[in-house]
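Remarks on the overall topology
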Amino acid sequence: MRLLALDVGERRIGLASGVAEVGTALPAGVLQRTRLAQDIRAVLDAARQRQSDVIVVGIPYLDGGEESSQTKQVRGFVRALRRETTLPVHVVDEAFTSVEAEGLLRDAGLQPSRDRGAVDEAAAVLILRRFLDARSET
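Residues numbered from 1 in each chain as written. Predicted model: local features only at pLDDT ≥ 70, side-chain atom pairs only at ≥ 80, totals over all residues. Heavy atoms only, no water.

**A few points about the pattern of salt bridges**
- Following the criterion strictly, the structure yields five salt bridges and no others.
- Close ionic contact of D120 with R12 constitutes a salt bridge, the shortest N to O distance being 2.5 Å. With D120 in helix α4 (residues 116-137) and R12 in strand β2 (residues 12-19), this residue pair connects regions lying 108 residues apart in the sequence. Of the two residues, D120 and R12, both sit in the buried class.
- We note a salt bridge from D133 to R129, for which the minimum N-O separation is 3.3 Å. Note that D133 and R129 are positioned in helix α4 at a spacing of four residues, about one turn of the helix.
- For D133, a relative accessible area of 36% translates into the label partly exposed.
- The class for R129 is partly exposed, based on a relative accessible area of 29%. (Salt bridge = Lys/Arg side-chain N within 4 Å of Asp/Glu carboxyl O. Helix = DSSP H or I, 4+ residues; strand = E, 2+ residues; numbered from the N terminus. Buried < 20%, exposed > 50% of the residue type's maximum accessible area, 1.4 Å probe, protein only.)

In structure tokens form, the structure reads like this:
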């Protein structure tokens, strides 16, 4: 099963792709946000290009699972995405993935503050890893 994971932000959508059977999660680019309808089309184009069977979206909860305005925006994105595709769309708690992604990039000798797209892309990889890890536990 081929997977496409999304880190949906206000300005960008980080992408990661992988194959469930082998547990891969690789960076797959960044989409610049424009309007919701165009963003959805761009995500579905990316899913088609990668022959994805499933889309995984990170939901940004606050500490303790509370919702923020960003949580509500991403939930709206997920609803719109589900209306436009027959692919299964799963959600995963993405708490602290951006912070973790920044740390990983720093460890690799990069400066995350200079390339926010790389942070979004790395966060999408972490979201996909969480989804795959949760699947392997069941």
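Let us keep going from here.
**As for the nonpolar core**
- Counting 21 residues, the largest nonpolar core has L6, V43, I55, V57 and L81 as its most contacted members.
- Counting only elements with at least two residues in this core, the list comes to β1 (2-8), β2, β3 (26-32), α1 (36-49), β4 (54-59) and α2 (69-84).
- In this structure L6 touches I13, G14, L15, V43, I55, V56, V57, G58, F77, L81, A124 and I127, once residues within four positions along its chain are discounted.
- If you look at the next biggest cluster of nonpolar residues, it comprises 14 residues, including A5, A16, V54 and V92. (Core = buried A, V, L, I, M, F, W, Y, C linked by side-chain atoms within 4.5 Å. Contact = heavy atoms within 4.5 Å.)

Geometry only, nothing functional implied.
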